[in-house]
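The chain contents come next:
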Amino acid sequence: MLKVSSLRLTGLSLAVLAMTAAVAAHAGEVEVLHYWTSGGEAKSVAELKKIMQAKGHVWKDFAVAGGGGDNAATLLKSRVVSGNPPAAAQIKGPAIQEWAAEGVLANLDAVAKAEKWDSLLPKVVADGMKYKGNYVAAPVNVHRVNFVWANPEVLKKAGVTGMPKTYDEFFAAADKIKKVGLIAVAHGGQNWQDFTTFESVALGIGGVKFYHEALVALDPKALSSDTMTKTLETFRKIKGYTDAAAPGRDWNLATAMVMKGEAGFQFMGDWAKGEFLAAGKVPGKDFLCAAAPGTANAYTFNVDSFAMFKLKSADSQKAQADLAAAIMGTEFQEVFNLNKGSIPVRLNMKLDKFDDCAKLSSKDFVETAKTGSLQPSVAHGMAIKPAIEGAIKDVVSQFWNDDKISVAEGQKRLIAAAATK
């Protein structure tokens, strides 16, 4: 009797093992390289992991600290060169096409067609995810860069009513804030922060056509125009409303100055909203958001995305395709963007759970996508090759930090930097 039971048990064990092996055979591993390691970002990655595990796949986290992604980019290069790329890596902007040109990215057209990506994404965003017409990356979110944030109590104390719609209104408001002994503009001292302000000024002063010609197409005629001269003059004038301790300050500390009522305004993308929300602040009550002066009908975007690398195993390829579909799925698009402060990149999303700043951003995103006023942010790696981007950022920061550089000299240096090969 004991012998029979043992045999039955052995048979049952073998059946379970066979079933487990069958499941394992169809489960693919996805190794995902990303630099979302803090707060809401890490929470969001955990949600993506959960979605993939529910599909029966094995998630291998390859998180590399460093918000700008430089550390991640260095590690990715070494992995790809050694012939062992991850399934997906957080890459954005023209860097996607640079990787694709190396012949190492996977074709995602089958997923994109099945999930109808072409109808769910604005063309300018979809084109950034493609190489020679084929999808090679999946977009996660949209950050609006041309935002200005304000503390309503500071504005009230200074006698400022409403958010400034033009630079004349902005400078009038800034003067009033200075008069009551507060800092008009909270700013940090890194070159991407300087350029975030600079590109919003260029967009506000010259409009979409000028912005595109000067900073995206790098047209020498636009760069040497009177409009660029006025942009640099306005940019320098803003510098006069920042405080002496700004150099070297992180962006989130500048946001905290607005939050605490030490400063009136901050030029920053909508990730600043994540800081306000994390501190329990309420949009419209504790902080205000608006498009930067003169840019209400335009939108500079920063899109996070995952490029997919070529894999040999069929199971891993299936897992990779499921990952791409999950990234663009409504479940992940909602939870990730609620945590990050950005908005979903999908055009058909319900925004019931999102705040008023996100709804304004989404409305303008949809409208500018139709009018051609949706433009890639240079400051955030969406528009031009990294070498040229670095060169013009350096010039703009030097101009910002050194009052001895004249507007004419600054403009001359900008033209030269844009010609960097």
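Residues numbered from 1 in each chain as written. Predicted model: local features only at pLDDT ≥ 70, side-chain atom pairs only at ≥ 80, totals over all residues. Heavy atoms only, no water.

S.K.: Sorry, what's going on with the packing of helix H2 (residues 39–54) against helix H15 (residues 314–328) here?
M.R.: Two quantities define a packed helix pair, namely the angle between the axes and the distance from one axis to the other. Look at H2 against H15: their axes get within 10 Å of each other, and the N-to-C directions meet at 130°. By the angle between their directions, the pair H2 and H15 is classed as oblique. When you trace H2 past H15, the crossing you get is right-handed. Here Leu-48, Ile-51 and Met-52 of H2 lie close against H15, whose contacting residues are Ala-319, Asp-322, Leu-323, Ala-326 and Ile-327. (Axes fitted to C-alpha atoms, helices over the stretch in contact; angles between N-to-C directions. Helix = DSSP H or I, 4+ residues; strand = E, 2+ residues; numbered from the N terminus. Parallel < 35°, antiparallel > 145°, perpendicular 65-115°, else oblique. Left-handed = near helix turned anticlockwise from the far one by under 90°. Contact = heavy atoms within 4.5 Å.)

S.K.: Got a minute to help me understand the environment of Phe-354 in this structure?
M.R.: Summarising the element assignment, Phe-354 is placed in the loop between strand S14 (343–344) and helix H17 (356–371). A relative accessible area of 5% places Phe-354 in the buried class. Note: C-alpha distance between Phe-354 and Thr-74 (280 residues apart in sequence) is 35 Å. Aside from chain neighbours lying at most four places away, what touches Phe-354 is Glu-334, Asn-337, Leu-338, Ser-342, Pro-344 and Lys-359. (Buried < 20%, exposed > 50% of the residue type's maximum accessible area, 1.4 Å probe, protein only.)

S.K.: When you look at the environment of Val-30 in this model, what are you seeing that I'm missing?
M.R.: One can find Val-30 in strand S1 (residues 29–34). Residues Val-30 and Pro-86 lie 56 residues apart in sequence; the distance between their C-alpha atoms is 7.5 Å. Filtering out sequence-adjacent residues up to four positions away, Val-30 remains in contact with Met-52, Val-58, Trp-59, Lys-60, Ala-87, Ala-319, Gln-320 and Leu-323.

S.K.: Please clarify how the sheet that holds strand S10 (residues 263–267) should be interpreted in this entry.
M.R.: The strands that make up a sheet are held in pairs by hydrogen bonds between backbone atoms, and each pair lies either parallel or antiparallel. A sheet is described by the order of its strands in space; here four strands give the open sequence S9-S10-S8-S11, paired in mixed fashion. Of all strands in the sheet, those bounded by a partner on one side alone are strand S9 (183–185) and strand S11 (288–291). The average undirected angle you get between the axes of adjacent strands in this sheet is 20°. Strand direction decides the pairing type here: strand S8 (residues 147–150) and S11, joined by four bridges, are antiparallel. Residue pairing across strands places Phe-147 opposite Ala-291, the latter belonging to S11. Across the sheet, helix H9 (residues 167–179) is in contact with S9 and S10; its angle to S10 comes to roughly 145°. (Pairing = 2+ DSSP bridges.)

S.K.: Explain the pairing of strand S7 (residues 141–144) to me, please; I cannot follow it from the model alone.
M.R.: The alternating pattern of S7 places Asn-141 and His-143 and Val-142 and Arg-144 on opposite faces, both of which are buried. Summarising the sheet, S7 and S14 pair through two bridges and their orientation is antiparallel. From the neighbouring strand, Asn-141 faces S14, where its bridge partner is Pro-344. Summarising the sheet, S7 and strand S12 (residues 299–302) pair through two bridges and their orientation is antiparallel. Looking across to S12, one finds that Arg-144 is bridged to Phe-301.

S.K.: Explain the pattern of salt bridges to me, please; I cannot follow it from the model alone.
M.R.: Pairs can form between side chains of opposite charge whenever their charged atoms are close. Scanning the model with the defined rule gives 16 salt bridges in all. Across the salt bridge formed by Arg-79 and Glu-31, the nearest N and O atoms sit 2.7 Å from each other. Of the two residues, Arg-79 is situated in helix H3 (residues 70–81) and Glu-31 in strand S1; the sequence distance between them amounts to 48 residues. Across this residue pair, the class does not change: Arg-79 and Glu-31 are buried. With its nearest N and O atoms 2.7 Å apart, the salt bridge here joins Asp-364 to Arg-144. On the criterion of sequence distance, the pair formed by Asp-364 in helix H17 and Arg-144 in strand S7 is long-range, its members being 220 residues apart. Judged by relative accessible area, Asp-364 falls into the buried class, the value being 6%. For Arg-144, a relative accessible area of 0% corresponds to the buried category. One network of salt bridges, with partners in common, ties together Arg-144, Lys-363, Asp-364 and Glu-367. (Salt bridge = Lys/Arg side-chain N within 4 Å of Asp/Glu carboxyl O.)

S.K.: What is the right way to read the sheet that holds strand S6 (residues 137–139) from this model?
M.R.: With mixed pairing, the five strands of this open sheet are ordered in space as S2-S1-S3-S13-S6. A single partner strand is all that each edge strand has here, and the edge strands are strand S2 (58–63) and S6. Shown here is a sheet whose adjacent strand axes are inclined to one another by a mean of 20°, direction ignored. With three bridges connecting them, strand S3 (residues 88–90) and strand S13 (residues 305–308) associate as antiparallel partners. In the strand pairing of S13, Ala-88 is matched with Met-308. Strand contacts of H3: S1, S2 and S3, with the helix running at about 140° to S1, the strand carrying the most contacts.

S.K.: Help me out: how do you make sense of the state of the cysteines in this one?
M.R.: Note on terminology: a disulfide is the covalent bond linking the sulfur atoms of two cysteines. As enumerated under the stated definition, the model contains one disulfide in all. A sulfur-sulfur separation of 2.2 Å characterises the disulfide bridge that pairs Cys-289 with Cys-357. On the sign convention where negative means left-handed, the S-S torsion of about -110° between Cys-289 and Cys-357 marks this disulfide as left-handed. Taken together, the positions of Cys-289 in strand S11 and Cys-357 in helix H17 put the pair 68 residues apart, joining distant regions of the chain. By relative accessible area, Cys-289 is classed as buried at 18%. (Disulfide = S-S within 2.5 Å.)

S.K.: Explanation requested: the nonpolar core in the structure shown.
M.R.: If you look at soluble globular proteins, the nonpolar side chains tend to sit buried side by side. The biggest cluster of nonpolar side chains holds 65 residues, and the ones touching the most others in it are Leu-105, Trp-117, Met-308, Phe-309 and Leu-323. The dominant element in this core, judged by the number of residues it contributes, is H15, at seven residues. Non-local contacts of Leu-323, meaning those with residues more than four positions away in its chain, are made with Val-30, Val-32, Leu-48, Met-52, Trp-59, Ala-88 and Met-308. Of all hydrophobic cores here, the second largest spans 56 residues; its members include Val-160, Phe-267, Val-378 and Leu-414. (Core = buried A, V, L, I, M, F, W, Y, C linked by side-chain atoms within 4.5 Å.)

S.K.: Can you help me understand the confidence of the model for the chain in this one?
M.R.: Close reading of the predicted structure is inappropriate where its pLDDT is low. Mean pLDDT over the chain stands at 91; residues scoring 70 or higher make up 93%. Counting interchain partners and residues more than four positions distant, the pLDDT-below-50 stretch residues 1–25 has one contact. (pLDDT = per-residue confidence, 0-100.)

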